[in-house]
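Tertiary structure, described
If you want the building blocks of each chain, they are given just below.
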Amino acid sequence: GRRRSDRSKDLPSLSEIGNDIVAVPSRRITNGGGDSSQQPLNLEERVRLLELKLNSHLSWLRKPSFGSRRQATCKDVKLYGEQYVCLDHFPPKNRSCIVYDFGIRDQPEFGVEIARKHKCEVHAFDPSPVSLEWWESEKERLSEVSGYHFHPYGAGGINGNVKLYEYSWEQVANIRIPVSVSDKCTKEACELMEAEQKEFKLPVRTFESIKNELGHANKTIDIVKLDVEGSEWEFLQQLLDQGCPDIDQFTIEYHHYTFDNRYGGDASPEINLISTLLHVCGLKSYQLDYEMGGFPDGAKLYKDYGLQLYFNTISYAKHLKPWNENQKEEEETN
């Protein structure tokens, strides 16, 4: 019979298939000289990572509300601006501290307070028009705050410009309000309605790219604050697919998530997934703004278009002791 040609050499390798759509999970490997590179996980590691992602998103967990529960104890919690920091192991004693503040609008109190009190190197990021206008008016005054820096780009899952939309409080977000059915109806059909949302094309960068640009490639970032109106999902997905980040504390305001109808208002598939992966990396939650799932955005616009948007702030840190449910009962008693 005819000899079949060998076409296998024309096919992409397994690690290249769909890589432009779904990233291949990897980890950072550092050699003896201090240089590092990303190496793909082996098959066993990738299967386990897939189990963690899938099971946590399905609430297939020992505790279905894991992501919305406190997992660790911080003895010394301090509020800076509107976000919490655990002072049990911060600031570090043997090196200078570095803080990334993503999403500031025109309210830089979190980063400014930390720079002033702890003498940290603080980098603030926000591409929103309201933030650029604020910086132009305040940069001379803030130049007096030692170690404080502002960058006119945001947190993202890619390096480049992304489309963002007009949002509450003069901010921009990744959420696009869908076309909905109005109350204006005839016997046959109802009219459709489409929200008018101003669009922006704004620059974002990945965590790794930012660290490299700022000269922090092989340094620990002590605190990352993330309040970016929904863009946290792409940023965190890309970050966690690169392995465990060299971050000691994370404070995240989550937006636009759902609940598992089997368990109700404290079991969010999206928050379960991120909290599980952070937990595996040693970052355990010690502070939640709302333990019953989050706070609903009451804007009439979203209600009119059938959207129920929630937000919640959860803070995570390394090197903390496990939380005991009995502690909550003792605190409430006292």
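Summary of the structure given here. (Residues numbered from 1 in each chain as written. Predicted model: local features only at pLDDT ≥ 70, side-chain atom pairs only at ≥ 80, totals over all residues. Heavy atoms only, no water.)

Quick word on unusual backbone geometry
Operational definition: Helix and strand labels come from DSSP, where a helix needs a run of H or I of at least four residues and a strand needs a run of E of at least two; each type is numbered from the N terminus.
Residue Phe 90 is joined to Pro 91 through a cis peptide bond whose omega torsion reads 0°. As for its position among the elements, Pro 91 is in the loop between strand S5 (83–86) and strand S6 (98–102). In this structure, Glu 229 is a non-glycine residue whose phi angle is positive, near 55°. One can find Glu 229 in the loop between strand S15 (221–226) and helix H5 (232–240).

Side note on the state of the cysteines
Applied cut-off: Disulfide: a pair of cysteine sulfur atoms within 2.5 Å of each other. Burial classes: relative accessible area under 20% of the type maximum marks a residue as buried, over 50% as exposed, and values in between as partly exposed (1.4 Å probe, protein chains only).
Taken as a whole and judged by the stated rule, the model has four disulfides. Residue Cys 97 pairs covalently with Cys 120 via a disulfide, S to S 2.0 Å. With the S-S dihedral at roughly -100°, the linkage between Cys 97 and Cys 120 falls on the left-handed side. Placement of Cys 97 in the loop between S5 and S6 and of Cys 120 in the loop between helix H2 (109–118) and strand S7 (121–125) is noted, with a sequence separation of 23 residues between them. We note that Cys 97, like Cys 120, is buried.

Side note on the sheet that holds strand S14 (residues 199–205)
Let me state the cut-off plainly: Two strands form a pair only when DSSP identifies at least two bridges running between them.
Across the sheet, four strands lie side by side as S9-S14-S10-S11; this open sheet has mixed pairing. Edge strands, defined here as strands with exactly one partner in the open sheet, are strand S9 (154–155) and strand S11 (172–173).

Structural notes on helix H1 (residues 43–57)
The following threshold applies: In this analysis, the expected span of each helix is defined as 1.5 Å times one less than the number of residues it contains. Arc definition: it is the arc formed by the directions from the helix axis to the C-beta atoms. Contact definition: two residues touch when any of their heavy atoms are within 4.5 Å. Polar contacts, as used here, are pairs of N or O atoms within 3.5 Å; protein pairs need one atom able to donate a hydrogen and one able to accept it. Residues neighboring in sequence count only if both atoms are side-chain atoms.
In this model H1 runs 21 Å from its N-terminal to its C-terminal C-alpha over 15 residues, within 8% of the 21 Å that 1.5 Å per residue would give. When we look at burial in H1, the residues that qualify are Leu 49, Leu 52 and Ser 56. Buried residues along H1 cover an arc of 55° about the axis, so they all sit on one side. Of the exposed residues in H1, the ones pointing more than 90 degrees away from its buried face are Leu 43, Glu 44 and Leu 50. Elements in contact with the buried residues of H1: helix H6 (269–280). One side-chain oxygen at the N-terminal end of H1 lies 3.2 Å from the backbone nitrogen of Glu 44; it belongs to Asn 42. Ser 59 occupies a position one or two residues after H1 and carries a positive phi of about 60°.

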